[in-house]
Amino acid sequence: MAERLIRNADYLLTMDDAATELRGADLLMRDGVIVAVGPALHAPDAQVIEARGCVVTPGLVNTHHHLYQTLTRAVPGGQDALLFGWLKTLYPIWARFGPEEMFTSARIGLAELALSGCTLSSDHLYLYPNGARLDDTIAAAAEVGLRFHPTRGAMSIGESAGGLPPDALVEDEAAILRDCIRVVDAFHDPAPGAMVRVGIAPCSPFSVSRDLMRDAALLARDKGVMLHTHLAENDEDVAYSLETFGCRPGQYAEDLGWIGPDVWHAHCVKLDGAEIDLFARSLTGVAHCPCSNCRLGSGIAPVRAMVDAGVRVGLGVDGSASNDAGNLMDEARQAMLLQRVANGADAMSAREALRLATRGGAEVLGRDDCGQLAPGFRADVAIWDVSGLESAGSWDPAALLLAGPRRVRDLLVEGRRIVVDGAVVSFDLPAAIRRQGQLAQNLAGGS
């Protein structure tokens, strides 16, 4: 791969240990890796990307998504429901999905993330109707060009057994574990710079058995992959845990081996102080999804307390059926604002929230090769044009979350250009949008 030089950035936010910020700086990359950062770099053979009038940051990292849900935004009946009622509205629609719906919806969701500056996204796919497989979303990510961390989710307890999902959407637990082994063996790449890593992710305590949670943890550790699930999302979730398991969600997770640096939980809105301390001691990660938490009325996650205690926290957009958007910059801004609502105007700065969206997310996903602009790290880079309307009059263009664009000008993943001048260039996005619209109309019409 040819060298690329990002030149003359007004501000370059490294997210390194010293939180270094450079002005008038360059960034040189070669073979997918950053090789130098600093002023006036000499690279006569490099392809130049001019960044005057721009802020350069690490690519953003999305730690929780349900990409298939981009086909079911703003569904009537679910727009004003709490979590459990919202799920019951959507489950019958999702049951009509197949491989094309999974693939197309993932392409759209990943493209939307890319335009918001995201270079690495996880995904939690926990239902597989009509022949759909995790392979469908992995193929979509390869086409878009984002670094991808899909997780093989699952539901095994249907309504007839006291669970929330309809029986048609649950799977046999032995078959679940077999397919987990298949997708890990087929797609997981543990090497530095990997474009695909696979995790194991039973959906939630109210849709799988204790045995599956325990077996999934054992399997993941045998395979050397990460674990992911939903936890303590709202009051209903906590009440279910207390009634069904006789303990709070944090204790449930600990009892089943679901804590540690190889585990991250989505939401955690209702963690108490003891659970926060448990997660900090065990280096368990949290995917904070503020917009979805607001949309579903779940509450404000105690992110300030988590970060202060040493919990690893990243950001997630969650599914587009509970967010209706997939913009990670909006998520970072919302995270900052909610902590200020809960704890005061000095509770979280714009730069700290941006750190959660970059380095924080990389740490949660176990990617010590991503999330910083420093030599040796992967060349995942977002370039933000701060010469336009959103930043006009800003005294601190580097405070992007206060006054700055929500859409990236250029995006590079592994040194490859995915977004150029505000447009996705890795595949035919307009055609994909048209197909997405057709599929959504078919679903709305019952076909």
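Look up a bit, the structure's there.
Parameters at a glance
- Throughout this document, residue positions are counted from 1 along each chain, in the order its sequence is written.
- Side-chain atom pairs in this predicted model are given and counted only at pLDDT of 80 or more, local residue features only at pLDDT of at least 70, and totals for whole chains, interfaces and linings cover all residues.
- Only hydrogens and water are set aside; all other atoms, that is, all heavy atoms of the structure, feed into the side-chain values.
- Put simply, DSSP marks the helices as runs of H or I at least four residues long and the strands as runs of E at least two long, and each gets a number from the N terminus on.
- Values of the radius of gyration come from C-alpha atoms, whereas the globule rule sets the reference at 2.2 Å times the count of residues to the power 0.38.
- Accessible area is worked out with a 1.4 Å probe on protein chains only. A residue is then buried under 20% of its type maximum, exposed over 50%, and partly exposed in between.
- The contact criterion used throughout is that any non-hydrogen atoms of two residues lie within 4.5 Å.
- For every accessible area listed, the method is Shrake-Rupley and the probe measures 1.4 Å; residues are considered covered only by the protein chains on display.
- Residues scored as positive are Lys and Arg, those scored as negative are Asp and Glu, and His as well as the terminal groups of each chain are ignored.
- Working definition for charges: the position is that of NZ of Lys, CZ of Arg, CG of Asp or CD of Glu.
- In this analysis, axes come from line fits to C-alpha atoms, helices being fitted only over the stretch in contact, and the angle between any two N-to-C directions falls in the range 0 to 180 degrees.
- Roughly parallel here means an angle under 35 degrees, roughly antiparallel means over 145, roughly perpendicular means 65 to 115, and every remaining angle is called oblique.
- Put simply, a crossing is left-handed when the front helix is turned counterclockwise from the back one by less than a right angle, and right-handed when it is turned clockwise.
- Residue polarity follows a fixed list, in which Ala, Val, Leu, Ile, Met, Phe, Trp, Tyr, Cys and Pro are nonpolar, Asp, Glu, Lys and Arg are charged, and the others, Gly among them, are polar.
- Definitions used throughout: a 1 Å grid over protein atoms alone; a cavity as a set of points that fits a 1.4 Å probe which cannot get out; a pocket as an open set with protein on both sides within 12 Å along at least five of seven lines; a lining residue as one with an atom within 4 Å of a point.
- Grid points are joined across faces, edges and corners, and a volume is the space filled by probe spheres set on the points.
- Residue count minus one, scaled by 1.5 Å, sets the expected span of a helix.
- Each polar contact in these results corresponds to two N or O atoms within 3.5 Å; when the atoms are within protein, one needs to be able to donate a hydrogen and the other to accept it, and residues that are neighboring in sequence are counted only if both atoms are side-chain atoms.
- A pair of aromatic rings is counted whenever rings of Phe, Tyr or Trp (Trp by its six-membered ring) have centres within 6.5 Å, and the orientation is called stacked for planes under 30 degrees apart, edge-to-face for over 60 and tilted otherwise.
- Charge-over-ring placement is defined geometrically: NZ (Lys) or CZ (Arg) within 6 Å of the ring centre, and within 35 degrees of the ring normal.
- When DSSP finds two or more bridges between two strands, those strands count as paired.
- Here the term right-handed applies to a crossover when the path leading from its first strand over the helix to its second strand runs clockwise, the strands being oriented away from the viewer.

Asks: Please explain the overall build of the protein chain as it appears in this structure.
Replies: The secondary structure content of the protein chain amounts to 13 helices and 17 strands. Taking 2.2 N^0.38 as the reference for a compact globule, 447 residues should give roughly 22 Å; the C-alpha atoms of the protein chain span a radius of gyration of 21 Å, in line with that estimate. Here the C-alpha coordinates of the protein chain stretch approximately 65 × 45 × 40 Å along the principal axes. When the 447 residues of the protein chain are sorted by exposure, 61% land in the buried category. Counting only contacts in the protein chain whose residues sit at least 6 apart along the sequence, the fraction spanning at least 24 positions is 75%. Within the structure as shown, the protein chain displays about 15600 Å² of accessible surface, and the carbon and sulfur contribution to it stands at 52%. The average position of the 39 basic charges and that of the 57 acidic charges among the side chains of the protein chain differ by 3 Å.

Asks: Help me out: how do you make sense of the packing of helix H4 (residues 173–187) against helix H5 (residues 210–223) in this one?
Replies: Between two packed helices, the angle of one axis relative to the other and the distance separating the axes together describe the packing. The geometry of H4 relative to H5 is characterised by a closest axis approach of 11 Å and an angle of 20° between their N-to-C directions. Looking at the two axes, H4 sits roughly parallel to H5. Viewed along their axes, H4 and H5 form a crossing whose handedness is right-handed. Counting all contacts with H4, which are made through Glu173, Ile176, Leu177, Cys180, Ile181, Val184 and Asp185, the residues of H5 involved are Asp211, Leu212, Asp215, Ala216, Leu219 and Lys223. A class-by-class count of the residues in the contact of H4 with H5 yields eight nonpolar, no polar and five charged.

Asks: Help me out: how do you make sense of the packing of helix H2 (residues 99–115) against helix H3 (residues 134–144) in this one?
Replies: For the pair H2 and H3, the least separation of the axes is 8 Å and the interaxial angle reads 35°. When the axes of H2 and H3 are compared, the crossing they make is right-handed. On the side of H2, the interface is formed by Pro99, Met102, Phe103, Ala106, Arg107, Leu110 and Ala111, while H3 contributes Asp136, Thr137, Ala139, Ala140, Ala141, Glu143 and Val144. Residues that form the contact of H2 with H3 fall into these classes: ten nonpolar, one polar and three charged.

Asks: Hey, could you run me through empty space enclosed by the protein in this one?
Replies: Using a probe with the size of a water molecule, rolled over the atoms, empty space left in the structure can be pinpointed. Evaluated as defined, the whole model comprises two cavities of 30 Å³ or more. There is about 110 Å³ of room inside the largest cavity. In this structure, the largest cavity is lined by 15 residues; those nearest its centre are Leu83, Trp86, Leu87, His230 and Glu233. With three residues, helix H1 (residues 83–94) is the largest single contributor of residues to the lining of the largest cavity. The space that makes up the second largest cavity amounts to roughly 40 Å³. Every residue along the wall of the second largest cavity is listed here: Arg152, Gly153, Ala154, Ile176, Leu177, Cys180, Ile200, Ala201, Pro202, Leu212 and Ala216. Secondary-structure elements contributing two or more residues to the lining of the second largest cavity are strand S8 (147–154), H4, strand S9 (199–202) and H5. Across the lining of the second largest cavity, the residue classes tally to nine nonpolar, one polar and one charged.

Asks: Just checking my understanding: could you explain helix H11 (residues 328–343) for this structure?
Replies: Helical geometry note: an α-helix holds 3.6 residues per turn, so side chains three or four residues apart project in the same direction. For H11, built from 16 residues, the straight-helix expectation of 22 Å at 1.5 Å per residue is met to within 8% by its first-to-last C-alpha distance of 22 Å. With a side-chain oxygen positioned 2.9 Å from the backbone nitrogen of Met329, the residue opening H11 is Asn327. Phi for Gly344, located one or two positions after H11, is positive at around 110°.

Asks: Hey, could you run me through the layout of surface pockets in this one?
Replies: Put simply, the largest pocket is a space of about 160 Å³. Forming the walls of the largest pocket are Leu13, Thr14, Met15, Asp16, Asp17, Ala19, Thr20, Glu21, Arg351, Glu352, Arg355 and Arg359. For the lining of the largest pocket, the leading source of residues is helix H12 (residues 350–364), giving four residues. In terms of residue class, the lining of the largest pocket is made up of three nonpolar, two polar and seven charged.

Asks: What should I look at first to understand the packing of aromatic side chains in this one?
Replies: What characterises a pair of aromatic rings is the spacing of the ring centres plus the angle enclosed by the ring planes. Inspection of the entire model under this criterion finds nine aromatic pairs. One aromatic cluster is present, formed by Tyr68, Trp86, Tyr91, Trp94, Phe97 and Tyr126 through successive ring pairs. The cationic tip of Arg152 hangs over the ring face of Tyr128; the distance from NZ or CZ to the ring centre is 4.1 Å.

Asks: In this structure, what is going on with the side chain of Ser122? I would like to understand it.
Replies: Along the chain, the position of Ser122 falls in strand S7 (residues 118–125). Here Thr63 takes part through its backbone oxygen, which lies 2.8 Å from a polar atom of the side chain of Ser122. A distance of 3.2 Å separates a polar atom in the side chain of Ser122 from the backbone nitrogen of His64. Once residues lying within four places of it in the same chain are set aside, the contact partners of Ser122 are Asn62, Thr63, His64, His65, Phe148, His149, Trp264 and Leu365.

Asks: Can you help me understand the pairing of strand S11 (residues 263–267) in this one?
Replies: On a regular strand, each side chain points to the face opposite its neighbour's, so the side chains alternate between the two faces of the sheet. The buried fraction of S11 amounts to five of the five residues, a majority that puts the element mostly inside the structure. In this sheet, S11 lies alongside strand S10 (residues 227–231) in parallel orientation, the contact comprising five bridges. When the sheet's bridge partners are listed, Leu231 is paired in S11 with His267. Note: S11 against strand S12 (residues 285–288), three bridges, orientation parallel. Looking at S12, one finds that Trp264 is bridged to Gly285. Running through helix H8 (residues 273–282), the crossover from S11 to the neighbouring parallel element S12 is right-handed.

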